[in-house]
Amino acid sequence: MPFEIHEQNGLTWLRSPILPPRHGFSTRLGGVSPAPWDSLNLRPGMGDGLEALQENYRRFCGAAGLDPARSVLAKQVHETTVRVCTEADAGKGLLRERDYTADALISDVPGLTLFVFSADCGTVLLYDPETGAAGAVHSGWRGCAAGIVAKAVRELHRVYGAKPEDLRAALGPCIGRCCFETDGDVPEAMEKALGAAAGAYLERRGAKWQVDLLGLNRQWLLESGLNAEHIDACELCTACHPELFWSHRKMGEARGVQCGAVQAGRMKD
């Protein structure tokens, strides 16, 4: 299904119709941060300051129907730690320091909202309508090759009993095959992880390779037992659309990040 683009008071964000309403993928539009973080930066610790950051969260969460005070922010290090989040984690990363590193967060606590971040990397939101368990995964090429998406699916089942065949998944905007040019180390890592299945997402062009990160993350979901009809993916390339998204490849470190966020708990609306 195509992602839905929503606009409200200058703020633009994306949703997938496959997930319940209380989730969203941000763009760079609609915040208060000055250049070079203009304007909806959601990356803590940057030069735009805490006041601008908290206002950006207030705006995004207000539009998406989320509570910033009950947010839990990933602290991403391109590894495969999956953190089980409880009520005690509410506000960490925005209102309180994060006492963990984790590239994936899971929870079934009603109203707790899980945030992961991207500026070209993949983001995957997971939700189980049976248990109310949710997950948010940051999966760049290193995490993808290490199987973080599959690990998050396993942990949702182990901790909460969420069955892979019941899970819904939405893959947020990331760098596309069109712009993700790499040396041979990336395709080698993907082939080692996924075997022959990785080949469809790797294209050699001379000495370089073009890599379909979105497709590789989707392949992990399929191999983890999700039904194809329960997986939605945003086809917009972050590097092709700097007017909408932050892109590390295009902007370097002088930039913000966009988020993928999903609220845990059974949802009626």
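These figures come from a predicted structure and were not determined experimentally.

> Would you mind showing me how to read the environment of Val124 here?
Tracing the chain through its elements places Val124 in strand S8 (residues 122-127). Sequence-wise, Val124 and Arg266 are 142 residues apart; in three dimensions their C-alpha atoms are separated by 19 Å. Setting aside anything within four residues of it in sequence, one finds Val124 in contact with Gly135, Ala136, Val137, Val149, Ala170, Leu171 and Leu221.

> Would you take a moment to explain the packing of aromatic side chains for this structure?
Remark: the centre distance and the inter-plane angle together describe each pair of aromatic rings, the angle taken between the planes. Scanning all chains against the criterion turns up four aromatic pairs. When the ring of Phe60 is compared with that of Phe115, the centres are 6.4 Å apart and the planes differ by 65°; the resulting orientation is edge-to-face. With Phe60 in helix H1 (residues 50-64) and Phe115 in strand S7 (residues 113-118), this residue pair connects regions lying 55 residues apart in the sequence. Take Phe60 and Phe115: they sit in the same class, and that class is buried. Over the aromatic face of Trp246 sits the side chain of Arg28, whose NZ or CZ is 4.2 Å from the ring centroid.

> Whenever I open this one, empty space enclosed by the protein confuses me. Can you help?
Space left empty within the atom packing is revealed by a probe, the size of a water molecule, rolled over the atoms. For the structure shown, the criterion picks out one cavity of 30 Å³ or more. Every residue along the wall of the largest cavity is listed here: Phe25, Ser26, Ser118, Thr123, Pro173, Gln258 and Cys259. Residue assignment for the lining of the largest cavity shows that the elements contributing at least two residues are strand S3 (23-26) and strand S15 (258-263). Of the residues assigned to the lining of the largest cavity, the class counts are three nonpolar, four polar and no charged.

Rules used throughout
Residues numbered from 1 in each chain as written. Predicted model: local features only at pLDDT ≥ 70, side-chain atom pairs only at ≥ 80, totals over all residues. Heavy atoms only, no water. Helix = DSSP H or I, 4+ residues; strand = E, 2+ residues; numbered from the N terminus. Contact = heavy atoms within 4.5 Å. Phe/Tyr/Trp six-rings, centres within 6.5 Å; stacked < 30°, edge-to-face > 60°. Buried < 20%, exposed > 50% of the residue type's maximum accessible area, 1.4 Å probe, protein only. Lys NZ or Arg CZ within 6 Å of the ring centre and 35° of its normal. 1 Å grid on protein atoms, 1.4 Å probe; cavity = no way out; pocket = protein on both sides within 12 Å on 5 of 7 lines; lining within 4 Å. Points joined across faces, edges and corners; volume = space filled by probe spheres on them. Nonpolar A, V, L, I, M, F, W, Y, C, P; charged D, E, K, R; others polar.

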